[in-house]
Amino acid sequence: GKRGGTNVFESLASINEVMDLAYLDIVDGSIDLKVNKNVRIQLSQATLSIESSNLLQSTQLAGIKNSLTSLDFKDGTIRAGDVLMKMKDIRYIGESGHFSAGHLNIDDTRGKFALELKNVLVDEMLVDEKRGDIVSSNISWQQAKFNIRSGSGGKELNSVLNISNVKGKNTSVTGLAGDISYTTHLDELAFSQLDKRPGRSLTLEGLQFNGSKLNIQGKNFHSGINRYKITDKKRAVLENISHKSNG
């Protein structure tokens, strides 16, 4: 973003006036890019390759993305509206949009969710920096922790979130829905599509998961399931169900 009147695009343009830059490599650099009031990207220990002619024509995040041929960085943060994403050990391949992450934290600053994922692969992620829309596909992880709070208030999502073809392993989940808390461990979790649009309810298709030690605690009861397997539109398998009322 601009600071003191000059930004990275203007600096590169002035260099390009005296040198014909087709490609540009940056090694072990720091990047602080404020796209607009809602989106900010900060990267440290970044190594990247850029098609500079495309970059100089870029005025939006999509254009910057298309100019990158590769990007590696040790630490990074992306803030988009109420969502803060912290990343470690990232490798991004520009042509395909594919990236891998050693560690990925996604937090809602309103406290609705906190997600921690390890050894993550993402085939494609598209971000509309003006609307805040996020479209992503073919996501997988090897280990994760999810903390989810529903019914905690806050403003309605005013952008589109569409995620497709998700597969995760070894995921611990804790959550709170009103006065009911729950914990479980998921061996595997998958769904074909999650879609949330402004003014509409969230839709989730093709959900399937299996796991163990599901514990549900309410004000006057406690329930547990030792093992389970649940698949969308198919019969659920539940083993060793327990239930105890306190009042």
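See the structure printed just above.
In this report, the structure presented in the accompanying data block is examined.

Cut-offs used in this document
- Residues numbered from 1 in each chain as written.
- Predicted model: local features only at pLDDT ≥ 70, side-chain atom pairs only at ≥ 80, totals over all residues.
- Heavy atoms only, no water.
- Helix = DSSP H or I, 4+ residues; strand = E, 2+ residues; numbered from the N terminus.
- Buried < 20%, exposed > 50% of the residue type's maximum accessible area, 1.4 Å probe, protein only.
- Contact = heavy atoms within 4.5 Å.
- Core = buried A, V, L, I, M, F, W, Y, C linked by side-chain atoms within 4.5 Å.
- Pairing = 2+ DSSP bridges.
- Salt bridge = Lys/Arg side-chain N within 4 Å of Asp/Glu carboxyl O.
- Phe/Tyr/Trp six-rings, centres within 6.5 Å; stacked < 30°, edge-to-face > 60°.
- Polar contact = N/O pair within 3.5 Å; in protein donor to acceptor, adjacent residues only side chain to side chain.

Turning our eyes to something else, we now look at the overall build of the chain. The helix and strand tally for the chain stands at three helices and 14 strands. Taking all 247 residues of the chain together, the buried fraction comes to 31%. Within the chain, contacts between residues separated by at least 24 positions form 48% of all contacts whose residues are at least 6 apart in sequence.

On to the environment of L126, then. Here L126 lies in strand β6 (residues 113-127). A C-alpha to C-alpha distance of 9.2 Å links L126 and S137, two positions 11 residues apart in sequence.

Right, let's talk about the nonpolar core for a bit. Ranked by size, the top nonpolar core spans 34 residues in total, and within it L71, F73, L104, L117, V120, W141 and F146 carry the most contacts. For F146, the residues in contact, after removing those within four places along its chain, are A114, L115, L117, W141, T171, S172, V173, T174 and L189.

A word on unusual backbone geometry. Even without a glycine there, the phi angle at N138 is positive, about 55 degrees. Residue placement: N138 occurs in strand β7 (residues 134-141). Positive phi, close to 65 degrees, is recorded for K233, a residue that is not glycine. Residue class for K233 comes out exposed when judged on its relative accessible area of 80%.

As a further point, take the pairing of strand β10 (residues 180-196). Relative to β10, strand β9 (residues 161-177) is paired through 15 bridges, and the arrangement is antiparallel. The residue of β10 that forms the bridge with G168 is L189. The hairpin formed by β9 and β10 contains two residues between the paired strands, and G178 there has a positive phi angle of roughly 65 degrees. Sheet topology note: the β10/strand β12 (residues 208-217) ladder contains eight bridges and is antiparallel. Paired with S181 across the two strands is Q217, which belongs to β12.

Counting through the fold element by element, V120 comes out in strand β6. Residue V120 is classed as buried on the basis of its relative accessible area of 2%. Separated by 48 residues in the primary sequence, V120 and G168 place their C-alpha atoms 9.0 Å from one another.

Okay, the pattern of salt bridges next. Two side chains bearing opposite charge may form a pair once their charged atoms approach each other closely. All told, the structure shown has seven salt bridges when counted by the stated rule. We note a salt bridge from K74 to D89, for which the minimum N-O separation is 3.2 Å. You can see K74 sitting in strand β3 (residues 68-80) and its partner D89 sitting in strand β4 (residues 83-93), a full 15 residues away along the chain. Residue D89 is classed as partly exposed on the basis of its relative accessible area of 42%. As a salt-bridge pair, D179 and K219 come within 3.7 Å of each other at their nearest N and O atoms. Residue D179 is located in the loop between β9 and β10, and its partner K219 is located in the loop between β12 and β13 (221-231); the two are separated by 40 residues in the primary sequence. Residues D179 and K219 agree in their burial class; the two are exposed.

Inspection of every chain in the model, using the stated rule, returns two aromatic pairs. Ring geometry for W141 and F146: centres 5.7 Å apart, planes at 55 degrees, overall tilted. By relative accessible area, which is 5% here, W141 ends up buried. Ring centres of F209 and Y228 lie 5.9 Å apart, and the angle between their planes is 75 degrees; on these two criteria the pair is classed as edge-to-face. Remark: Y228 occurs in strand β13 and F209 occurs in strand β12; sequence separation between them is 19 residues.

Turning our eyes to something else, we now look at the side chain of D108. Relative to the helices and strands, D108 resides in strand β5 (residues 98-108). In this structure the side chain of D108 is engaged in a polar contact, spanning 3.1 Å, whose partner is the backbone nitrogen of K112.

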